[in-house]
Protein chains: 2
Amino acid sequence: MLSWRGGHRVFAPKAVRWYSRPAAYVLPHTIKQLLASSPEAEIDATLTGFVRSIRKQKHVAFADISDGSTPFPLQAVIESDKFEPDIVHRITSGSNLKLTGKLVKSSGEGQEWDFNVAEMEVLGTCDPAAYPIQKKTHTHEHLRANAHLRPRTDETSAMLRTRALLNRSICDYFDSEQFIQVHPPIITSSDTEGAGETFRVNPASEPPELDSTGSDGSALEAKSEFFGAPAYLSVSAQLHLEALSHSLSRVYTLAPSFRAERSQTNRHLAEFWMLEAELQLSTPSLGPLLDVVEGLLRSVFDTYTKSTDAVVRFPESKAARHALETEWKRMTYTHALEELNHAHDQGVFIKPTGKGKGKDIVPRPVWGQGLRSEHERYLARDNPVFVTDYPADIKPFYMRLNDESSTPPTVACFDLLLPGLGELVGGSVREERLDHLDATLKQRGMDADELAWYRDLRLYGGGPHAGFGLGFERLVSFVTGLENVRECIAFPRAFGKMKV
Amino acid sequence: MLSWRGGHRVFAPKAVRWYSRPAAYVLPHTIKQLLASSPEAEIDATLTGFVRSIRKQKHVAFADISDGSTPFPLQAVIESDKFEPDIVHRITSGSNLKLTGKLVKSSGEGQEWDFNVAEMEVLGTCDPAAYPIQKKTHTHEHLRANAHLRPRTDETSAMLRTRALLNRSICDYFDSEQFIQVHPPIITSSDTEGAGETFRVNPASEPPELDSTGSDGSALEAKSEFFGAPAYLSVSAQLHLEALSHSLSRVYTLAPSFRAERSQTNRHLAEFWMLEAELQLSTPSLGPLLDVVEGLLRSVFDTYTKSTDAVVRFPESKAARHALETEWKRMTYTHALEELNHAHDQGVFIKPTGKGKGKDIVPRPVWGQGLRSEHERYLARDNPVFVTDYPADIKPFYMRLNDESSTPPTVACFDLLLPGLGELVGGSVREERLDHLDATLKQRGMDADELAWYRDLRLYGGGPHAGFGLGFERLVSFVTGLENVRECIAFPRAFGKMKV
């Protein structure tokens, strides 16, 4: 029980399979499992874990042990007299222990259970004077500079468990709605949006046979590109997801995405994870898409708020619970501008004091331009809000032109704005009509030949479909309340920054 | 029922959350759900899907419809006289339909259910003369050249569902063993293995401010690298996973990995998905690691063989079932060489006819060299086999030196060889002893400073830990029997190849 069951198993030849879920656990219990496994029985258990902190008294030492499976450490009670003085001496903050003992009701304050240590081994020592992760609070800058040790802090380990929980919850929702998880390419030949800076990919070393390809210049030139064409890191999987949805109907992916942005803000990473989904529709309308996005996020928030595993370390964040308890509004861009102008009329954006007192702190919105972040925050001040049907001119080529005869034209798209965060999700119905798509490409001076395969999707059985993208680190930021996305990913990559 | 439930939902302010799992489906049923939903009730249903093929008779047309949710299409029965002749004319192979009707017991051979069409709309036409995906069998080369349409073939759509099933099954197993799913970086500053070609990453465009950074030459130089240091695409997440396991104890990831290999074989991709896991141990032994790998794969194979969704399209592949029903052997490299030499003695590798008759077709194995693929195939001829404890000199620096005093030294590592496939998984106990690690780095002429953060993991509470990597496309290849890994991923990336 609760120990390695390793070694060489013996099977009868052609035996029936021995493995079937629910799993017969191969590994020893984690602290989380131990706490959930009828601890009243006072069974002997063996744990490994890291010392978060230790208090040594004359005859007893109290060590807070974490193995990453729970948000709070388990207090190990070590009766020092039972052990060699040397071994107790070697236990310091950051050291790595193997403990055998019993879970018992704690007599101390603040925790329900203690772990009474019977046997003990120091698997790895840690010089407390040199250890960069002390118990005291560190700045985020210091921790980012020690990204390889940062997961040992309570905040980062809780963030990592939150990521896993959100990831799982997303997959559960999409499973329930019959979406198929797919893996689109990271290396692509195109820049999906025509916007944003991209990263170029080349082999680190020259091909050894470059000199020996002979005198054929064209062959030489073709060889100079590893893939036969310039290669970039994907900024979005959308176009490839559209291709897959034209077979599988409903697809999604959670995968890395890349932008070579040189801005250094709390909201930007050069490498981030993006959730993207595409689905075939029976009519080209936004309704089902918005229903999926709202259904997905309500499901994820519900799972998150119910999970004590991940949440308890972020008690200050009420964002997910609040979003669950409110109505999610849906309004057109044009309606949003009316509401914003009304707010300007009401003096909402007037500076109350100081220089510029009595004047609007932001200009009034102008139809045909994007929304300012101040305006987005106002629209989502109390409720999540889908802003739909933006002007066509400020949106990418692939969004579906609305059929209305009004000019200037709008497209069937949305941004989901969340209280305190701003935009979390963006998506649209895609332009499935080849004549409309070609007209837009021509109008924007884009090369239809480069998008030949994308046009094919319309040529061969193209039908109405829609999709969206969601920045995973922004979702993590929203539910945890960690404001900087660099605290929402294990090893952040941003302009000028790659410590580990 | 079975129709869009879109539109604007109304909530009472502060209403209780309306969403909780099991999901109230937001989207209409797929064919898979329809077939599972008491079809005897003859409920009206609306479906969208693609026409795989159509037979038109005088008064009735039979269209095989697929929406990607099932391996076999659903036969739609269209009584032509009920519809405008034009609409029936426009239904061709590849077109995209919206159908409303009833599921009824089929009177035909080969299928249980028909879909009797009452209403019909052609969402997208498809010119059968131009359509590159005809019903007839295409070569894999032709389909790869049409990678954007290839998912519409039965083989590729079944492969994609298989990927999703394996992905899910992997997550289920790791959840059950308390591993936490993490997302290590794709862009890294190092080449993990010191082996294999890597891809270099640079911004596609020069920084606009490059000329204005002033006269400070060093600042200019630093700016010339986007991340402040040369950046590469990850060849393995292992080192970062080790850092994460030193907090979370058990971690795994399924993420893209990259090798700039110029070989064009059916086993190599430049971009592939890799499953990697790391776990903390209480003793530095291979046993628990092998137990996890075997437990994982038995669980995955069990799920795969029980799933009719994905499997039925690959009935020729008995590999997963066979692996479930056999013992998985464990033998050391040294023992494997003894077995191979014995086989050579027995004439197993002797060429029976033709030139070189009577001589070994492969040289005998030599201790200290890697295993030839012919030898690997022989070792795994009947059973999966873990070959362990390879010579240290032919393995990467991070593998743990065995404590035995024998020379030459071996390391605590394994390759898992599968019948008909060869190597699927490789892994090892990691060298947690800093003095041993430093000695190996020195011996190999590697720069310990570049691995400073990796050394820190040993300095601060390092303990025994182990991990492995598994090529996801090779797993797909094994269970489906698709021999070329380019048929095991939606959009393959290989030397000289990037069509879509």
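Here the structure is shown first, and the text comes after it.
Treat the numbers as computed from the prediction; the structure is a model and nothing was measured.

Asks: Kindly report on the interface of chain B and chain A, identifying the contributing residues and their values.
Replies: With 151 residues of chain B at the interface, the matching set in chain A holds 151 residues. When chain B packs against chain A, close to 12900 Å² is buried across both sides, 58% of that on carbon and sulfur atoms. Notably, a salt bridge pairs A:Asp172 with B:Arg168, separated by 2.7 Å at the nearest N-O pair. Across the contact surface, chain B and chain A share 52 residue pairs in polar contact (both at pLDDT 80 or more). By residue number, the principal contributor to the side of chain B that touches chain A is helix 4 (residues 154-176) of chain B, which donates 12 residues. Partitioned by chemical class, the residues of the side of chain B that touches chain A number 70 nonpolar, 44 polar and 37 charged.

Asks: Give a detailed account of the relation of the copies chain B and chain A, specifying residues and quantitative values.
Replies: Overlaying chain B on chain A yields an RMSD of 0.0 Å, the required transformation being a rotation through 180° with an accompanying axial translation of 0.0 Å. The transformation relating the two chain copies, once decomposed into turn and shift, fits a two-fold axis. Closest to the rotation axis within chain B is the C-alpha of B:Val201, separated from it by 2.6 Å. Mapped onto chain A, 99% of the interface residues of chain B again fall at the interface, so both copies present the same surface.

Asks: Account for the packing of aromatic side chains, with residues named and values stated.
Replies: Counted by the stated rule, this structure contains 36 aromatic pairs over all chains. Between A:Phe349 and A:Tyr378, the aromatic rings sit 5.4 Å apart at their centres with planes inclined by 65°, giving edge-to-face as the arrangement. A residue pair is termed long-range when its members are at least 10 positions apart, and A:Phe349 in the loop between helix 10 (333-345) and helix 11 (373-379) and A:Tyr378 in helix 11 qualify at 29 residues. For the pair shown, A:Phe349 and A:Tyr378 are each scored as buried. Against the face of A:Tyr378 rests A:Arg381, its NZ or CZ located 4.0 Å from the ring centre. The lysine or arginine in question, B:Lys105, covers the ring of B:Trp113, its NZ or CZ lying 4.6 Å from the ring centre.

Asks: Explain unusual backbone geometry residue by residue, including any values.
Replies: Residue and element names in this part refer to chain B. A positive phi is found at Ser249, a non-glycine position, where the angle reads about 70°. Inspection of the secondary structure puts Ser249 in the loop between helix 6 (238-248) and strand 10 (250-258). Not every positive phi belongs to a glycine, and Asp389 is a case in point at roughly 60°. Position of Asp389 relative to the elements: it lies in the loop between strand 13 (385-388) and strand 14 (413-418). A relative accessible area of 18% means that Asp389 is categorised as buried.

Asks: Residues and numbers for the sheet that holds strand 9 (residues 231-233) of chain B, please.
Replies: In space, the six strands of this open sheet follow the order 7(A)-9(A)-8(A)-8(B)-9(B)-7(B), with antiparallel pairing throughout. Looking at strand neighbours, the two that pair on one side only are strand 7 (187-188) of chain A together with strand 7 (187-188) of chain B, the edges of this open sheet. Direction of pairing for strand 8 (residues 199-203) of chain A relative to strand 9 (residues 231-233) of chain A: antiparallel, over a ladder of two bridges. Its bridge partner being in strand 9 of chain A, A:Val201 is matched across the sheet by A:Ala231.

Rules of the game
- Residues numbered from 1 in each chain as written.
- Chains lettered and ligands numbered in written order.
- Predicted model: local features only at pLDDT ≥ 70, side-chain atom pairs only at ≥ 80, totals over all residues.
- Heavy atoms only, no water.
- Contact = heavy atoms within 4.5 Å.
- Buried area = accessible area lost by both parts, 1.4 Å probe.
- Salt bridge = Lys/Arg side-chain N within 4 Å of Asp/Glu carboxyl O.
- Polar contact = N/O pair within 3.5 Å; in protein donor to acceptor, adjacent residues only side chain to side chain.
- Helix = DSSP H or I, 4+ residues; strand = E, 2+ residues; numbered from the N terminus.
- Nonpolar A, V, L, I, M, F, W, Y, C, P; charged D, E, K, R; others polar.
- Least-squares fit on C-alpha atoms with pLDDT ≥ 70 in both.
- Phe/Tyr/Trp six-rings, centres within 6.5 Å; stacked < 30°, edge-to-face > 60°.
- Buried < 20%, exposed > 50% of the residue type's maximum accessible area, 1.4 Å probe, protein only.
- Lys NZ or Arg CZ within 6 Å of the ring centre and 35° of its normal.
- Pairing = 2+ DSSP bridges.

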